2 protein chains.
Amino acid sequence: MTPSTLDALIEALRCLPGVGPKSAQRMAYHLLQRDQRGAARLAGALAKALEVLRHCARCNTFTEDEICQRCANPQRDPRLLCVVEMPSDLAMMEQTHAFKGMYYVLMGRMSPLDGIGPRELKLEKLVERATDGVVEEVILATNFTNEGEVTAHTVSELMRARGLKVSRIARGVPVGGELEHTDIGTIAQALIERRSV
Amino acid sequence: MTPSTLDALIEALRCLPGVGPKSAQRMAYHLLQRDQRGAARLAGALAKALEVLRHCARCNTFTEDEICQRCANPQRDPRLLCVVEMPSDLAMMEQTHAFKGMYYVLMGRMSPLDGIGPRELKLEKLVERATDGVVEEVILATNFTNEGEVTAHTVSELMRARGLKVSRIARGVPVGGELEHTDIGTIAQALIERRSV
């Protein structure tokens, strides 16, 4: 007896990651009962995003243009190419103000268990970008998770095979971190990757 | 440098209950990168639901008609009116096949801390429904949470003041439940509300 329009909305909400049947129901009730303006705004934002957003032809991040503003900025160093997993990682890197090169956003990570390999990640697009004749060094800034490490390894092999210099951002004890509160895996890595001073 | 359309989508997703900035960002990336069809379906389902869904004039649940199919069903007993918090509670009641009367869906619960009182719950609509001259007994089936109990208490006072018989569904040890695994509050209530056999 539940109206089919409501069922359709609940079902549609399940396309959101981490949203199961119960959450979807709760979300639908909330939107219809308490926030119809928010629901209308969401419907519009989705439609607009699907219509205008695409991938930057150079760095692969979301943009409304053929080439995003960052890639079109002549102030940035085109010899350095930093590879990150997601646009949120790029945003974190930018907040450091420590990098003035270019980026490539994978829009994901290798995950053999989920069937995401080099082809699904479209790594050939990264290879094409990195071999433009201007890029000299590829800096791997994928996460230090298992999947991020696998991704970094795969990308580094592809890059080295094409004669590019490859580097990985450093692992170690966080700035301000105390050994007592750092996991032993990190301490072990910090020891192995120690630098002479 | 994040495109504003993407920001607008992330912001719009935050109208969903339980979705903070990080989840909204993850959802937006997922929809744009991995499930554009799901995103389009969601945009359509939201727009359709906002357009066609409204509240049943009798039981207040979501429906596409002036009066929902359940309220229009002459097979149901119009002398019994069961008050529940949400449509999902109504669905649970129906699954028991133990009730053949009518329903009233509050679409919420009293929550003084959140500023949701009798007025916000539109309890005057329930009073009007219950005093149609046909309803003889109002059965309170709100949750046994603090807020559900406050709601039941408020509704029962309103109903009794109008000469209606009011009842509350029973509290106690769940069917199939073992005392060892039942919380002591429930056991205490089961003891107080014991029935002679």
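It should be emphasised that the depicted structure is a prediction, and the values quoted were computed from it without experimental measurement.

What counts, and where the lines are drawn
Residues numbered from 1 in each chain as written. Chains lettered and ligands numbered in written order. Predicted model: local features only at pLDDT ≥ 70, side-chain atom pairs only at ≥ 80, totals over all residues. Heavy atoms only, no water. Least-squares fit on C-alpha atoms with pLDDT ≥ 70 in both. Contact = heavy atoms within 4.5 Å. Salt bridge = Lys/Arg side-chain N within 4 Å of Asp/Glu carboxyl O. Helix = DSSP H or I, 4+ residues; strand = E, 2+ residues; numbered from the N terminus. UniProt positions renumbered as here; feature names shortened; annotations may be inferred. Phe/Tyr/Trp six-rings, centres within 6.5 Å; stacked < 30°, edge-to-face > 60°. Buried < 20%, exposed > 50% of the residue type's maximum accessible area, 1.4 Å probe, protein only. Lys NZ or Arg CZ within 6 Å of the ring centre and 35° of its normal. Buried area = accessible area lost by both parts, 1.4 Å probe. Polar contact = N/O pair within 3.5 Å; in protein donor to acceptor, adjacent residues only side chain to side chain. Nonpolar A, V, L, I, M, F, W, Y, C, P; charged D, E, K, R; others polar. Axes fitted to C-alpha atoms, helices over the stretch in contact; angles between N-to-C directions. Parallel < 35°, antiparallel > 145°, perpendicular 65-115°, else oblique. Left-handed = near helix turned anticlockwise from the far one by under 90°. Expected span 1.5 Å × (residues − 1). Pairing = 2+ DSSP bridges. Right-handed = clockwise from strand over helix to strand, strands pointing away.

1. What about the relation of the copies chain B and chain A?
For these two chains of identical sequence, chain B goes onto chain A by a turn of 180 degrees and a shift of 0.0 Å along the axis, with RMSD 0.1 Å. The relationship between the two copies is best expressed as a two-fold rotation axis. Of the C-alpha atoms belonging to chain B, the one lying closest to the rotation axis is found on Ala43(B), 2.2 Å away. A share of 100% of interface residues in chain B that are also interface residues in chain A marks the association as one of identical surfaces.

2. Regarding the pattern of salt bridges
All names here are of chain A. One pass over the structure, following the stated rule, counts 22 salt bridges over all chains. Ionic pairing is found between Glu 94 and Arg 70, a salt bridge with its closest N-O pair at 3.6 Å. With Glu 94 in helix 4 (residues 87-95) and Arg 70 in the loop between strand 2 (62-63) and strand 3 (77-84), this pair connects stretches of sequence that are 24 residues apart. Salt bridges sharing common partners tie together Glu 149, Arg 168, Arg 171 and Glu 193.

3. Focus: the UniProt feature "zinc finger region: C4-type" (unreviewed entry) in chain A
In the UniProt entry, the feature "zinc finger region: C4-type" (unreviewed entry) is given for residues 56-71 of chain A. Helix makes up 0% of residues 56-71 of chain A and strand 12%, and the two end C-alpha atoms of the span are 8 Å apart.

4. What about the packing of aromatic side chains?
Counted by the stated rule, this structure contains 4 aromatic pairs over all chains. An angle of 25 degrees between the planes, with centres 6.0 Å apart, marks the rings of Tyr29(A) and Phe62(B) as stacked. With Tyr29(A) in helix 2 (residues 21-34) and Phe62(B) in strand 2 (residues 62-63), the pair connects residues from two separate chains. There is no split in this pair, since Tyr29(A) and Phe62(B) are both buried. Seen from their ring centres, Phe99(A) and Tyr103(A) are 5.3 Å apart, and the 70 degrees between their planes marks the pair as edge-to-face. For the pair formed by Phe99(A) and Tyr103(A), the shared burial category is buried. One cation-aromatic arrangement involves Arg168(A) over Phe144(A); the distance from NZ or CZ to the ring centre is 4.0 Å.

5. Some remarks on the interface of chain B and chain A
The partner chain A presents 50 residues to the 50 residues of chain B that form the contact. Both sides together, the interface formed by chain B and chain A hides about 4,600 Å², and carbon and sulfur atoms give 73% of it. On the surface where chain B and chain A come into contact, there are 0 salt bridges. At the boundary of chain B with chain A, the tally comes to 10 residue pairs in polar contact (both at pLDDT 80 or more). Looking at the side of chain B that touches chain A, the elements that each hand over two or more residues are helix 1 (4-13), helix 2 (21-34), helix 3 (36-52), strand 2 and helix 4 (87-96) of chain B. With 14 residues, helix 3 of chain B is the single largest residue contributor to the side of chain B that touches chain A. Residue composition of the side of chain B that touches chain A, grouped by class: 31 nonpolar, 12 polar and 7 charged.

6. So, the environment of Lys48(B)
Its location among the elements puts Lys48(B) in helix 3. Expressed as a C-alpha distance, the spacing of Lys48(B) and Pro174(B), which sit 126 residues apart in the sequence, is 40 Å. The contacts of Lys48(B), once residues within four sequence positions are left out, are Thr5(A) and Leu53(B).

7. Re the packing of helix 1 (residues 4-13) of chain A against helix 3 of chain B
Running from N to C, helix 1 of chain A and helix 3 of chain B cross one another at 150 degrees; their axes reach a closest spacing of 9 Å. By the criterion of interaxial angle, the relationship of helix 1 of chain A to helix 3 of chain B is roughly antiparallel. For the element pair helix 1 of chain A and helix 3 of chain B, the recorded crossing hand is left-handed. Mapping the contact onto sequence places Thr5(A), Ala8(A), Leu9(A), Ala12(A) and Leu13(A) in helix 1 of chain A and Arg41(B), Leu42(B), Ala45(B), Leu46(B), Lys48(B), Ala49(B) and Val52(B) in helix 3 of chain B.

8. Quick look at the side chain of Thr182(B)
Residue and element names in this part refer to chain B. The residue Thr 182 is located in the loop between strand 6 (165-168) and helix 7 (184-192) in this model. Among the residues examined, Thr 182 registers a relative accessible area of 13% and is labelled buried. Within the local environment of Thr 182, its side chain forms a polar contact with the backbone oxygen of Glu 178, the two atoms lying 2.7 Å apart. In contact with Thr 182, other than residues within four places in its own chain, are Val 173, Pro 174 and Ile 187.

9. Here we look at the environment of Tyr104(B)
Residue and element names in this part refer to chain B. Along the chain, Tyr 104 turns up in strand 4 (residues 101-105). Tyr 104 gets classed as buried once you look at its relative accessible area, which sits at 0%. Sequence-wise, Tyr 104 and Val 84 are 20 residues apart; in three dimensions their C-alpha atoms are separated by 6.4 Å. Not counting residues up to four positions away in its chain, the partners in contact with Tyr 104 are Arg 58, Cys 59, Asn 60, Leu 81, Cys 82, Val 83, Val 84, Lys 122, Lys 125, Leu 126 and Arg 129.

10. Remarks on helix 6 (residues 146-160) of chain A
Residues and elements named next belong to chain A. Over its 15 residues, helix 6 extends 21 Å from the first C-alpha to the last, a length consistent with the 21 Å expected when each residue adds 1.5 Å. Here helix 6 has its buried residues at Gly 148, Thr 151, Ala 152, Thr 154, Val 155, Ser 156 and Met 159. Looking at the buried residues of helix 6, the elements they touch are helix 5 (123-130), strand 5 (137-140) and strand 6 (165-168).

11. Looking at the pairing of strand 4 (residues 101-105) of chain A
All names here are of chain A. Within strand 4, 5 of the 5 residues are buried, which leaves it mostly tucked inside the rest of the structure. With 5 bridges connecting them, strand 3 and strand 4 associate as parallel partners. By the bridge assignment, Leu 81 is partnered in strand 4 with Met 102. Crossover strand 3 to strand 4 through helix 4 is right-handed.

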